[in-house]
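# An overview of the molecular structure
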Amino acid sequence: TVSASTKGAVTSTGGTVTKPTKECVKWSVNDVMTWIGNIANGIYNKYAYLFCLNNIDGIQLINITKMDLEKMGIKNNTEQTLLLQHIQRLKRLNASSNSNSNSSLTLQCA
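Now for a look at the structure at hand.

Criteria and cut-off values
Residues numbered from 1 in each chain as written. Predicted model: local features only at pLDDT ≥ 70, side-chain atom pairs only at ≥ 80, totals over all residues. Heavy atoms only, no water. Buried < 20%, exposed > 50% of the residue type's maximum accessible area, 1.4 Å probe, protein only. Helix = DSSP H or I, 4+ residues; strand = E, 2+ residues; numbered from the N terminus. Polar contact = N/O pair within 3.5 Å; in protein donor to acceptor, adjacent residues only side chain to side chain. Core = buried A, V, L, I, M, F, W, Y, C linked by side-chain atoms within 4.5 Å. Contact = heavy atoms within 4.5 Å. Salt bridge = Lys/Arg side-chain N within 4 Å of Asp/Glu carboxyl O.

The next point concerns helix α1 (residues 29–38). The buried fraction of α1 amounts to seven of the ten residues, a majority that puts the element mostly inside the structure. Inspection of α1 places Val29, Asp31, Val32, Thr34, Trp35, Ile36 and Gly37 among the buried residues, and these make up the whole buried set. In this structure serine 28 caps α1, since a side-chain oxygen of it lies 3.3 Å from the backbone nitrogen of asparagine 30.

Here we come to the nonpolar core. A general feature of soluble globular proteins is that nonpolar side chains tend to end up buried together. With 23 residues, the main nonpolar core has Trp35, Ile36, Phe51, Leu61, Ile64, Leu69 and Leu83 as its most contacted residues. Mapped by element, the contributors of at least two residues to this core are α1, α2 (48–53), α3 (58–62), α4 (66–72) and α5 (77–99). Per-element accounting of this core gives the leading share, four residues, to α5. Apart from the residues lying within four places of it in its own chain, the contact partners of phenylalanine 51 are Val29, Val32, Ile36, Ile56, Leu61, Ile64, Leu69, Met72 and Ile74.

Attention shifts here to the pattern of salt bridges. For the coordinates displayed, the defined rule picks out one salt bridge. Two residues, glutamate 79 and lysine 46, come together in a salt bridge whose shortest N-O distance is 3.1 Å. With glutamate 79 in helix α5 and lysine 46 in the loop between α1 and α2, this residue pair connects regions lying 33 residues apart in the sequence. Owing to a relative accessible area of 54%, lysine 46 belongs among the exposed residues under this scheme.

Here we come to unusual backbone geometry. Despite not being glycine, alanine 40 has its phi angle at roughly 50°, a positive value. One can find alanine 40 in the loop between α1 and α2. The buried category is assigned to alanine 40, whose relative accessible area is 16%. Not every positive phi belongs to a glycine, and asparagine 41 is a case in point at roughly 55°. Note that asparagine 41 resides in the loop between α1 and α2. Overall, the relative accessible area of 61% leaves asparagine 41 in the exposed class.

What follows is the structure, encoded as structure tokens:
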């Protein structure tokens, strides 16, 4: 079940990207867990708990590094790279959103 706060969170299913309804920098740890669980048809759901244990919220998510993922316990190099690609996609959606808005201080995912 997708929580109301991340309903429409950026997911990648069959090449489709769905825009979220909430600014990702305002995402709570639970919102991040929901997003992790929904990307790529749920194949990263096994890592959602690690994001919870490490208190990764929206701001931390968009700044996470490969080294951070490894320290969290995500050891598979391929999965680290793919997760970072999904996060980069989220950041790109942010950037394109900001270029279309009047506020450069508001980081949005849609």
